[in-house]
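Reading the structure
These are the residues of each chain, in order.
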Amino acid sequence: MLFRSVCPSVAAMARSQSVLVPVGLVAAALCLLAQRAFVAPGAPALRSVRSLNTARFGGGESVPTGLVWPSPEAEAKLREVDGIKLYPTHAWTDDMQPIVDSSKSLEDTPVIIGVAADSGCGKSTFLRRILGALGTEVTPGHTAVGDMMTVVCLDDYHTNDRAGRKATGWTALDAKENDFALMGAQIEALKQKKAVYKPIYNHDTGNKDPPELLEPNKVMVFEGLHPIYDEKARSQLDLSIYIDIVNEVKFDWKVKRDVEERGWTEEQVREDIEKRLPDFSAYVDVQKPNADVVLRYEPSDQGLPFLKVKLIQKKGGAFPPITLKKDITLTGSKPGAVLKMYDDNWEGNDVTVVEMDGEIDMDNMEAQLKEIEEVIEGLPVKAGELTDAMVKLKSSPGSQNGTGLLQTVIAMKVREVYEAITGKVAA
């Protein structure tokens with residue numbers, strides 16, 4: 001029952017908060033915000049439980065394998081089990097199998113959710129809202145596991161460790177540095193209620209630690225750079241979500257974090273973003289057309305730091321859509337907010353867009369949320385639940401704008417998908 005600090009978005013979150021706030025809604029983890037951990041009340045900080053987690057749930061001492069894939073040395077140690085190549089850079093033990101029988105009995109097939117985005121884009125706040133909508137919690141560890149939901153950081157499927165990527169010259173965004181064959185096979189196995197030994201990428205040390213045993217769960221969220229990239233993995237998803245941050249917003253957010261917290265200059269921040277752009281465009285951004293829903297962040301018409309946030313819903317996709325009875329304008333806080341809906345063609349798909357530009361008046365938050373809730377159609381919740389969920393996470397990042405509002409909507413839609421597939425009430 002873990003939530004491991006290896007995933008960078010989770011690790012950053014854990015350093016600043018160790019309390020789970022129950023209700024309200026792209027990891028890992030999705031783009032350049034300081035994050036907070038979604039852990040159970042009173043849970044210890046992530047770093048203080050690392051040794052306990054390793055002892056109880058597999059893995060092992062964090063040491064480099066000294067191998068690079070591809071290389072003659074790694075080829076000589078390559079094993080294959082049931083057609084699955086076990087790259088030795090994943091630190092497999094000699095007798096470890098990639099797929100095993102589960103000790104956990106599940107009545108229903110796991111519901112599989114993919115959340116794709118760049119690192120540091122607020123995935124963790126987003127996932128905390130999903131937890132609230134499902135009425136569940138997770139506890140600290142490398143992989144977040146609770147009674148109902150498991151959150152897997154897909155950085156674990158990086159083929160090489162940090163030293164190995166320096167040797168290959170490929171970034172973590174590059175498809176060549178990710179073991180999609182293993183990822184797809186293991187997601188499929190989990191959906192078939194089997195257990196897997198999943199690799200571990202340790203962001204603290206830069207090593208690949210020995211794999212951990214991962215059991216199936218009722219809801220399994222795979223978050224990171226590439227959950228929608230590979231056809232095999234994508235085919236196992238019951239719902240695919242992409243968090244899309246335009247470059248101006250990425251830069252603004254990253255400057256706030258890295259200049260204030262890391263002592264970088266604005267030029268260093270810009271260089272860091274720009275050096276990632278070719279691989280981001282080639283291997284991450286290309287997932288957008290295959291997402292059922294995209295949450296997109298743009299500068300407000302009033303300019304940054306205000307945001308225009310769009311819920312882009314693919315028509316005929318797995319995301320149950322919401323619509324608006326009418327467009328509305330909220331007054332109060334500067335610059336106020338406009339909520340509107342329109343149809344569009346986006347990334348080659350016919351979509352319905354619900355857009356919020358500007359900010360809620362936080363001094364009048366509850367009244368304005370009720371006004372918003374009254375014009376939304378398609379929410380599978382009782383009257384007032386959206387408002388209550390937002391108010392409970394009032395202090396979370398983005399609660400004053402469309403970030404928090406539309407994340408909360410998506411969280412409730414995750415619950416709707418789960419209940420439609422299983423016939424069970426989640427919360």
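What counts, and at which threshold
Residues numbered from 1 in each chain as written. Predicted model: local features only at pLDDT ≥ 70, side-chain atom pairs only at ≥ 80, totals over all residues. Heavy atoms only, no water. Helix = DSSP H or I, 4+ residues; strand = E, 2+ residues; numbered from the N terminus. Buried < 20%, exposed > 50% of the residue type's maximum accessible area, 1.4 Å probe, protein only. pLDDT = per-residue confidence, 0-100. Contact = heavy atoms within 4.5 Å. Salt bridge = Lys/Arg side-chain N within 4 Å of Asp/Glu carboxyl O.

What to know about unusual backbone geometry
- Cis geometry marks the peptide bond from L304 to P305; its omega dihedral reads 15 degrees.
- Of note, P305 is situated in the loop between β11 (293-299) and β12 (307-314).
- In this structure, the amide linkage connecting K334 to the following residue, P335, adopts the cis form with an omega of 5 degrees.
- Along the chain, P335 falls in the loop between β14 (328-330) and β15 (337-346).
- Phi at A91 is positive, roughly 65 degrees, even though this residue is not glycine.
- Tracing the backbone shows A91 in the loop between β2 (84-86) and β3 (99-100).
- Even without being glycine, K193 reaches a positive phi, approximately 70 degrees.
- Residue placement: K193 occurs in the loop between α6 (180-191) and β7 (195-201).
- By relative accessible area, K193 is classed as partly exposed at 29%.

Focus on the confidence of the model for the protein chain
- Put simply, the protein chain has an average pLDDT of 85, and 85% of its residues get 70 or more.
- Every residue in residues 1-58 is under pLDDT 50, and counting partners more than four places away or in other chains gives 215 contacts.

Focus on the pattern of salt bridges
- Evaluated as defined, the whole model comprises 23 salt bridges.
- For K194, the salt bridge is made with D101, and the minimal N-O distance between the two is 3.9 Å. Note that K194 is positioned in the loop between α6 and β7 and D101 in the loop between β3 and β4 (111-116), a separation of 93 residues in sequence.
- For D101, a relative accessible area of 66% corresponds to the exposed category.
- Linking D285 and K288 is a salt bridge whose minimum nitrogen-to-oxygen distance equals 3.2 Å.
- A relative accessible area of 23% means that D285 is categorised as partly exposed.
- What emerges from the salt-bridge pattern is a single network uniting D244, D285, K288, R296, E298, K310 and E347.

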